[in-house]
Structure formats: C-alpha cells, structure tokens
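Coordinate inspection notes
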2 protein chains.
Amino acid sequence: MAPSALPAEQETVAELTNNGIELNVSKTAPSISKAVTPEVPQLAELDASRLEVNLTTSPRPVPGIGSPEMASQKTCTDHMITATWTAESGWGAPQLKPYGPFSLMPTSSVLHYATECFEGMKLYRGYDGKLRLFRPNLNCNRMLMSTNRIALPAFPPTELQKLIMALCAQDGAKWLPKDRPGHFLYIRPTMIGTDSALGVQRPTEAMLFILLTCFAPMDDIPGGMRLLASQDDMIRAWPGGFGYAKVGANYGPSLVAQGEARRLGYHQILWLFGEECVVTEAGASNFFVVWRTREGALQLVTADLKERIVLDGVTRRSVLEFAREKLTQGYKGLEKVEVVERRFVMQEVVEAAEEGRLVEAFGAGTAWFIAPVGHVHFRGRDFEVPMVEGECGRYTKVVKEALRGVMYGEKGYEGHEWGVVVEEK
Amino acid sequence: MAPSALPAEQETVAELTNNGIELNVSKTAPSISKAVTPEVPQLAELDASRLEVNLTTSPRPVPGIGSPEMASQKTCTDHMITATWTAESGWGAPQLKPYGPFSLMPTSSVLHYATECFEGMKLYRGYDGKLRLFRPNLNCNRMLMSTNRIALPAFPPTELQKLIMALCAQDGAKWLPKDRPGHFLYIRPTMIGTDSALGVQRPTEAMLFILLTCFAPMDDIPGGMRLLASQDDMIRAWPGGFGYAKVGANYGPSLVAQGEARRLGYHQILWLFGEECVVTEAGASNFFVVWRTREGALQLVTADLKERIVLDGVTRRSVLEFAREKLTQGYKGLEKVEVVERRFVMQEVVEAAEEGRLVEAFGAGTAWFIAPVGHVHFRGRDFEVPMVEGECGRYTKVVKEALRGVMYGEKGYEGHEWGVVVEEK
C-alpha cells in the first residue's frame, strides 16, 4: 500500500499531536479564495441554511411522565436531522426527516474502528413556558474538538447549533409541551464514519445526526449516588489518550466495570488513575468534593484538565464559574469556599472522611446533572459522605438551584446569558 | 436510576478487573443443569448447527487481480453470516444470507459507545488447490476475550470457527478460485452492540457478523515500510486500558496520527509508550527487530505482553514459535538467533542502528503479514534499516517463507497443524 496524500481539506484538522487538536473551525472552502486554486476542489461547508425539511406522516404519541417508555431511553421524537459528508465534496444539505433506522454497510468504519463522537445536551421546558438550551455553544465547540480527535470532518460549530435549534423548534412544542415545566428532552448530536472501505484509515465518508430522546431525570437518588472506586488494573483514560474528548472509545471500554458496579449495588465507577489513585471522573460525570483542609479552609475541589484525562464538562465549567462568582463571596448565608481545580488523590478524600473534614461530594454532568454522592467504596473500605439538608449537601443544593434556575427560566434567572431560548413552531 | 442486577448470563463474563477477563468460554445454559433453577431463563448458546441458509439471487462478479475494486477494500463476497443476541433469550439461529446493508436504529449502542470488536483473518488459496485458514482457533479465542472486555456477549469460540468455515465454504470456490493460488480473501468477524437504549450501559442486544472481503496484499512495499515514531503526547494504549483487545476503541483514536504519517510519506506509526519510549506496535501490527547485542549475540526481539498494551497477535505468536523451534537451532545456513520477548526502548534501537548492530526489522500482523521495515523516523532523526536479500532481510525472509508455506499449502507444509483446510462447496 503506497503512502497516499490526504485530501487537502483534512490537512487543516489533522495534527500529529493532541496539543495540536484544538477548536480550529474548519478552514475549508474559504469564499475569498474561491476559484483561485482550481486544482483543489472547493468543499461544501456544513450549512444550516440549506436544511431540507420532510415532515413525518406517522406522528407518534408522546410518553407520559414516569411511563416505562420515558424510562427506557429508547423513545426518540418524530424527527431527526442528518447531514452526510464525503472527502470529495464536503457536506451535503442537512435533512430534517422522520426518525427511523439507518442503512449502513457492514464494512462501515464506525462499526469496526469506533470512528464516532457525540454530545449530550438537554432541551428544557421553562417555568416561564419557554424552551431553552444551556450554553449550547460549549457543546458545539467540544463536538468539533472531538471530531478532530477521532479523524472525522470539521464543521462550523455555529451551524451545528443552528441545526440543533431547528430540530428543537420542530419537535419541542409537541414532545415537551408547556404543561411539563421542569422537564426536559435529551439531545444527542453524533458523528460517525460511514466509509465502507475496511482498511484502517481516516474515513472518507461521514454522517452527522441529531436526535431528541425522552429521558427520565437521574439526579434524585435516595441516599445519594453510591460510587465504586476503580481497581488499578482498569483505567478510564491516560495522558496522551483521548479522555478529554467525547468519543465512543471512552465509553464502551468502561461498561464492564460499570456493569459490575451496578451488579454490586453501586451507581457508577469513581475512576482513579495511576498508583497514586488520582481522582478523575465519576462514571460519565465530573466529580466534585467539598472538604475542609487541616488548616481550616473550606474548599470546593475538582480535577484539573491539564493531563487531558478528564472531560471539560459544560456542567463542570458552569459549577466552577458559578462558585467562583458567588460561593467565594459568601452566598445565601453559607460560609465562603475556595474554588480549587487541581490534581487530587483518593488518599486525601479518605483522610478528609476519616477526620470529619469531608463536607459534600457530587457528580456533575448533563445526563446526571448535579447528583449528590452519599457513599464511596475504595479498596475494601466504605465511607459515607455527609448528606445534610435531607438528600443533598448545602453547597450541592445551591449550585443545583442556580443551574436549574437558568435552565428552566426560573424567577431571577429569566434573561441569564447561559440560557438560549428556542423559538418553537 | 436504581441499581439493577444484570441478567444472570452476564455475570459469568463481567469482571471488574482486566486480569479477570480471560478466555472463559461462556458458562450459560449448561445442559446438565437445565430446569434445575427455573427462575433463571435458559439462554440459547451460539450454535453453528442451527445455521439457516438463504442464498443470493443476485450474485456479483469477482474483481480481477490488481483491479481497482480489489484495492478498494470495499468489495465483499456474495454472502455474509449474522447472528443476533438478546439478554433475555441469548443467541438466535445464525443466518447465512446475501451480503447487504444493516438496518440500525440511530440510538444503537455501537454508534455512540463503541461497543464493538472484531478479528482479522484470511482465507488462503493454496498452491495445492485447497482453501485454508491459519490457526483460526486463536482468532476465535481472542474474539471472545475482546467481547468480554467490551461488554458484549460470550459464545463458544468453536462455534464461531464453524460459522467462519461455513461462509468460507460457501463463497470460497467462486471468490477465491483455484486459478488464484497464492491469493487470499480477508475475513472479518465482528460483534456490535445493537441495543437501542441511549443510556450508557452494557448492551442488552448484540449482533455477530462475518464478512469476506477482497483485499490486495500489503506486505510487498518497495524499500520496505517507513515508520514514523509517535510523539509522547499521543499514546495508543496504557496499562489498565485495552490495548491487548481487538476493540474498535483502539483504532479510531489512532487514525489522526496515522493520517498525518501518511501525509508525511510514512506507512504507519511506530507506537511508543511513556517517557522511556517503550516500543510497542507498528501501526496495527506487532513489531520485531533483529539486532546484535554489544556482547555479540544475535537476537530476534519483540515487545512482551506483560503490561497488556500490545496485541497478542496470531502472526506474532507464530513468528515466535517458528523462530524458537527453527532459528535458535540454525536454519538454512543462517546464524543462530536468540528469541527475546521483553520490554525494549527506542534508544536501544537507535543505538543498534548507529553502531551498525541493527540487522532487520519487520511488522507482523494478519493484514500486513510480514512487512519488512526499511526506515524509521524518531524525534527529528531518520535511520535506515538494512534491507539485504533485495527487499527483505534474511531472517524476515525465512520467517515469511515458512508462514506462507503453511498458509498456501506449499511443498513440505501441506499437513502442517497450523493450516486448517476448508472443504468448499
């Protein structure tokens, strides 16, 4: 097999090193240079204004709140959006069409080589009657970072956001009606390699798709989330790997440990890294603790992003920004906290628990939202995490209330810049 | 979300630790205990004797040797085999049916969470007119190890081998005719999670499929394979990860580096690990060097499997076994070599090259077979690997000849136990 040059449009995103993979918007098809270099084909960019709409003739019923269909996580709304890409011609016109199965060749890249990445977002029905997204630009930027990491094509994140909003506008009114304030639909933008050549190589064909799915809330767990710390012979991510990207390859390999945790009565794995047991993530969520140092300082602590083994979560980032703005100043009568992003190890958490200095812990992510942690098992030892205020720590509670406030347009948060209103059809 | 016990059949394969994931044949549905515990459903085992055959009515032409279709790696034979599994009922009857697209729900686990693994094998047309597989039991055992690691269902490896042989028997005579001795078809057994629930969890539905694909040989590269050593911020695998398993999650994340290598004129990445630059794999192949130590010993060296970051390749294993049996004794007039499996680092290779002690290097895997390496680029430095005997080192050549001999039933190898004859229809 002779070495072959890649199509020109890939060179703008292909970088040998992780450090080179950043939020570079595709530089393909720059309009200013059109027809200057006729040898290089002008590739079509992903363009939400080209959306073609084909509505379903078989609308389906919306599952009731608390119904088995809602809990199954299998029910999608009436429509989805798809867009296909080829290395030769770039992005085709996006399609809004009836939700239904894909036809994929058995040799498709995604089925063999995990050329896939996704985002997790929610569409919120506000108490003010409006539909909102929560900081969707962050998800769309991260999706581009993930496609770069997994050798899938680039796109302008703003176009992805427009497509997401178009699908939410189409199906939101029916599937998340105004009489369901405080509820949400789960949004799943995904990109897969559809190249049907079986060779191990960058896909020359890909598909973007966006789904809206019915999900039940997962953040209200009686007694809090129970975490099982990972063993040192099973790690989630490593430096130089892809733990920071939302690629399928981070999830499948975690399911054996996660399944075993569930079998043993835990909700999620608390993923540790290395001999020192560096604390990284809780299941598919970021992990926060509130502890008091031996010197007496109260701190909100989460893993930093330096080694790139932790996802740069939108909820994580929002917790940190909120806490830095409000909790460091004293908020609603609570003692001031320091906000700390750093590498921390399990031994620190254990010692804080044993010495009565562990105040709270919670997972933070889109799917689980802010989920209080009540219990951790680590290498043969169990310890409880305090759960004041009924089912939730005090700091966990105010963080959760603030983010919920923005998401659901509650009083005092209606015009918050993190909430992006969707005009529904 | 309440913790939920897993279906009983999964408990036999779900292990929290990597060390627990070994070649355990599924212990489901043991006939001896049938009806003893009626609460536990008896799950159907994968059973090749239940194969249902539905032949194509639209047979396709076979691409010519050297044709673009052959090189495209997109052309499969007339038929494929599929078998579906559910957590409730186990394995359905396998189907031999016309090759064609799959219908998959957009929420399918494999498209989001990389619940997928595969094997790479070849069907060889011998110079004695027979069709052969090469040590297929090793691939089928490894496939089970991979399904265990990626949370897919277990199966008896012998049944998988029977299914592979059934497909080869069906399509071999037409797609690999007797006038093509020395040629092969590529065999791709794959398993994917087809569960349509979007939650991050072990799939409760899965599909096994087996394809036969036309591939051009990749081992005859003028001047040998050119390798680009990986940078330390892009690591293929890590202890506690899954580098030893043939899961999709090892491949997609490697494609950016591999694409960049090709763009720069290299064939594959030489994957290094850690600050010491431990040498692990060459692209998707194992990597061997022949060098002379400063003490004067001639050695054939490859990475050991202890840290589980290297694939236990069938070709790798066969090279080692052949070399230990023959090359250590002196073979065809060649100087005796020591066969060494150990952790070795790039600096050792560089020093051997600089001091004139590097004798040969080659990649070893099913797709690339035994591919001589002619050139390596490592951190700004280039060095050539000797290529005696025209395009191939002397030891590379005898290893390659011996394995080819078994694969293609050449004189002196006709009855070798590594070659499994397929009776064609």
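Residues numbered from 1 in each chain as written. Chains lettered and ligands numbered in written order. Predicted model: local features only at pLDDT ≥ 70, side-chain atom pairs only at ≥ 80, totals over all residues. Heavy atoms only, no water.

1. A closer look at the overall build of chain A
Just so we agree on the cut-off: Secondary structure elements follow DSSP: runs of H or I no shorter than four residues count as helices, runs of E no shorter than two count as strands, and numbering proceeds from the N terminus. Here the term buried applies to any residue with accessible area under 20% of the maximum for its type, exposed to any over 50%, and partly exposed to those in between, with areas from a 1.4 Å probe on protein chains only. Residue contacts are defined here by distance: any two heavy atoms, one from each residue, within 4.5 Å place the two residues in contact. Surface accessibility in these figures is a Shrake-Rupley result with a 1.4 Å probe; residues are shielded only by whichever protein chains are displayed.
Helices and strands together make up the secondary structure of chain A, namely nine helices and 20 strands. The burial tally for chain A puts 62% of its 425 residues in the buried class. Looking at chain A alone, contacts between residues at least 24 apart form 73% of all its contacts between residues at least 6 apart. For chain A, the accessible area works out to roughly 15,200 Å², and carbon and sulfur atoms hold 52% of it.

2. Points about the packing of helix H4 (residues 136–149) of chain A against helix H5 (residues 157–175) of chain A
Residue and element names in this part refer to chain A. Operational definition: Each axis is a line fitted through C-alpha atoms, and for a helix only the stretch in contact is used; angles between axes span 0 to 180 degrees, taken between their N-to-C directions. Relative orientations are named as follows: roughly parallel for angles under 35 degrees, roughly antiparallel for angles over 145 degrees, roughly perpendicular for angles from 65 to 115 degrees, and oblique for any other angle. A crossing counts as left-handed when the near helix is turned anticlockwise from the far one by less than a right angle, and as right-handed when that turn is clockwise.
H5 packs onto H4 with a crossing angle of 125 degrees between their chain directions and a minimal axis gap of 9 Å. Comparing the axis directions of H4 and H5 gives the class oblique. The chirality of how H4 crosses H5 is right-handed. For the pair H4 and H5, the contacting residues are Pro136, Asn137, Cys140, Asn141, Met143 and Leu144 in the first and Pro157, Leu160, Gln161 and Ile164 in the second.

3. Looking at the interface of chain B and chain A
Using the following cut-off: Using a 1.4 Å probe, buried area is obtained as the accessible area two parts lose upon being combined, added over both of them. The term salt bridge refers to a pairing of a side-chain nitrogen on Lys or Arg with a carboxyl oxygen on Asp or Glu at a separation within 4 Å. Identification of polar contacts relies on pairs of N or O atoms within 3.5 Å, with a donor-acceptor requirement for protein atoms, meaning one able to donate a hydrogen and the other able to accept it, and with residues adjacent in sequence counted only if both atoms are side-chain atoms. Pairing between two strands requires that DSSP report at least two bridges joining them.
Taken residue by residue, the interface counts 87 residues in chain B and 86 residues in chain A. Both faces considered, chain B and chain A share a buried interface measuring about 7,600 Å² in area, 64% of it formed by carbon and sulfur atoms. Linking chain B to chain A there are two salt bridges. Glu205(A) is paired through a salt bridge with Lys74(B); the nearest N and O atoms lie 4.0 Å apart. Viewed at the interface, chain A and chain B are joined by 27 residue pairs in polar contact (both at pLDDT 80 or more). Among the elements of the structure, strand S5 (102–104), helix H3 (109–113), strand S6 (116–118), helix H4 (136–149), strand S9 (184–193), strand S10 (205–213) and helix H6 (255–263) of chain B are those that each provide at least two residues to the side of chain B that touches chain A. Counting residues per element, the side of chain B that touches chain A draws most heavily on H6(B), which supplies eight residues. Where strand S5 (residues 102–104) of chain A lies against S5(B), three bridges are found, and the strand directions are antiparallel. Pairing of Leu104(A) across the sheet is with Phe102(B), part of S5(B).

4. Some points on the packing of aromatic side chains
Residue and element names in this part refer to chain B. What counts is decided by this rule: Pairing of aromatic side chains here covers Phe, Tyr and the six-membered ring of Trp, requires ring centres within 6.5 Å, and sorts the geometry by plane angle: under 30 degrees stacked, over 60 edge-to-face, intermediate tilted.
Counted under the stated rule, the structure contains 26 aromatic pairs over all chains. Considering the side-chain rings of Phe102 and Phe209, the 4.8 Å spacing of their centres and the 65 degrees angle between planes classify their relative orientation as edge-to-face. Taken together, the residues Phe102 in strand S5 and Phe209 in strand S10 connect sequence positions 107 residues apart. According to the relative accessible area criterion, Phe102 is buried, its value standing at 6%. Accessibility expressed as a relative area gives 0% for Phe209, which makes it buried. Both rings, one in Trp238 and one in Phe273, keep their centres 4.9 Å apart while their planes meet at 75 degrees; by these two values the pair is edge-to-face.

5. Observations regarding the relation of the copies chain B and chain A
Going by this rule: A least-squares superposition brings the copies together, and it is based on the C-alpha atoms of residues with pLDDT no lower than 70 in both.
Under the fitted operation, chain B is carried onto chain A by 0.0 Å of movement along the axis and a turn of 180 degrees, and the coordinates agree to an RMSD of 0.0 Å. Those values place the two copies in the arrangement expected of a two-fold rotation axis.

6. Comments concerning the pairing of strand S11 (residues 225–229) of chain A
Residues and elements named next belong to chain A. Note the threshold: With the strands pointing away from the viewer, any crossover whose connection runs clockwise from the first strand over the helix to the second is right-handed.
Burial analysis of S11 places four of its five residues in the buried class, the great majority of the element. Relative to strand S18 (residues 369–378), S11 runs parallel, the two sharing four bridges. Bridge pairing in S18 links Leu228 to His377. A crossover links S11 with its parallel partner strand S12 (residues 268–273), the connecting element being helix H6 (residues 255–263), and its sense is right-handed.

7. Regarding the domain arrangement of chain A
All names here are of chain A. Put simply, the rule reads: Where each domain starts and ends comes from a domain assignment, either automatic or drawn from a database. Each residue gets one of three labels, nonpolar for Ala, Val, Leu, Ile, Met, Phe, Trp, Tyr, Cys and Pro, charged for Asp, Glu, Lys and Arg, and polar for the others, Gly among them.
Along its sequence, chain A is organised into domain 1 (3–214) and domain 2 (225–407). Opposite the 25 residues of domain 1 that make contact, domain 2 presents 23 residues. Between domain 1 and domain 2 lies a buried interface of about 2,100 Å² when both sides are counted; carbon and sulfur atoms form 58% of it. The tally of links from domain 1 across to domain 2 stands at one salt bridge. Glu321 serves as the salt-bridge partner of Arg135, at 3.0 Å between the closest nitrogen and oxygen. At the junction of domain 1 with domain 2, the criterion picks out 12 residue pairs in polar contact (both at pLDDT 80 or more). Here the element with the most residues in the side of domain 1 that touches domain 2 is H4; it accounts for six residues. Its residues placed into classes, the side of domain 1 that touches domain 2 shows 11 nonpolar, six polar and eight charged.

8. Points about the side chain of Glu116(A)
Worth spelling out the cut-off: Positive charges come from Lys and Arg, negative ones from Asp and Glu, while His and the chain ends are left out of the count.
Mapped onto the elements of the fold, Glu116(A) is located in strand S6 (residues 116–118). Buried within the structure, Glu116(A) lacks any salt-bridge partner; its nearest side chain of opposite charge belongs to Arg188(A), at an N-O separation of 8.3 Å. Of the polar contacts made by the side chain of Glu116(A), one reaches the backbone nitrogen of His112(B); its length is 3.4 Å. There is a polar contact of 3.2 Å between the side chain of Glu116(A) and the backbone nitrogen of Tyr113(B).

9. Looking at helix H7 (residues 314–325) of chain A
What counts is decided by this rule: Given the number of residues in a helix, its expected span is that number minus one, multiplied by 1.5 Å.
In this model H7(A) runs 16 Å from its N-terminal to its C-terminal C-alpha over 12 residues, within 8% of the 16 Å that 1.5 Å per residue would give. Every buried residue of H7(A) is listed here: Val314(A), Thr315(A), Arg316(A), Ser318(A), Val319(A), Leu320(A), Phe322(A) and Ala323(A).

10. Some remarks on the pairing of strand S2 (residues 79–86) of chain A
Residue and element names in this part refer to chain A. Across the eight residues of S2, six count as buried, placing the element largely inside the fold. Sheet topology places S2 next to strand S4 (residues 95–98); four bridges connect them, and they run antiparallel. Residue His79 lies in a different strand from S4, and its bridge partner there is Pro98. Here S2 runs beside strand S10 (residues 205–213); their pairing, made up of six bridges, is antiparallel. Within S10, the position partnered with Trp85 by the bridge is Ala206. Relative to strand S3 (residues 90–91), S2 is paired through two bridges, and the arrangement is antiparallel.

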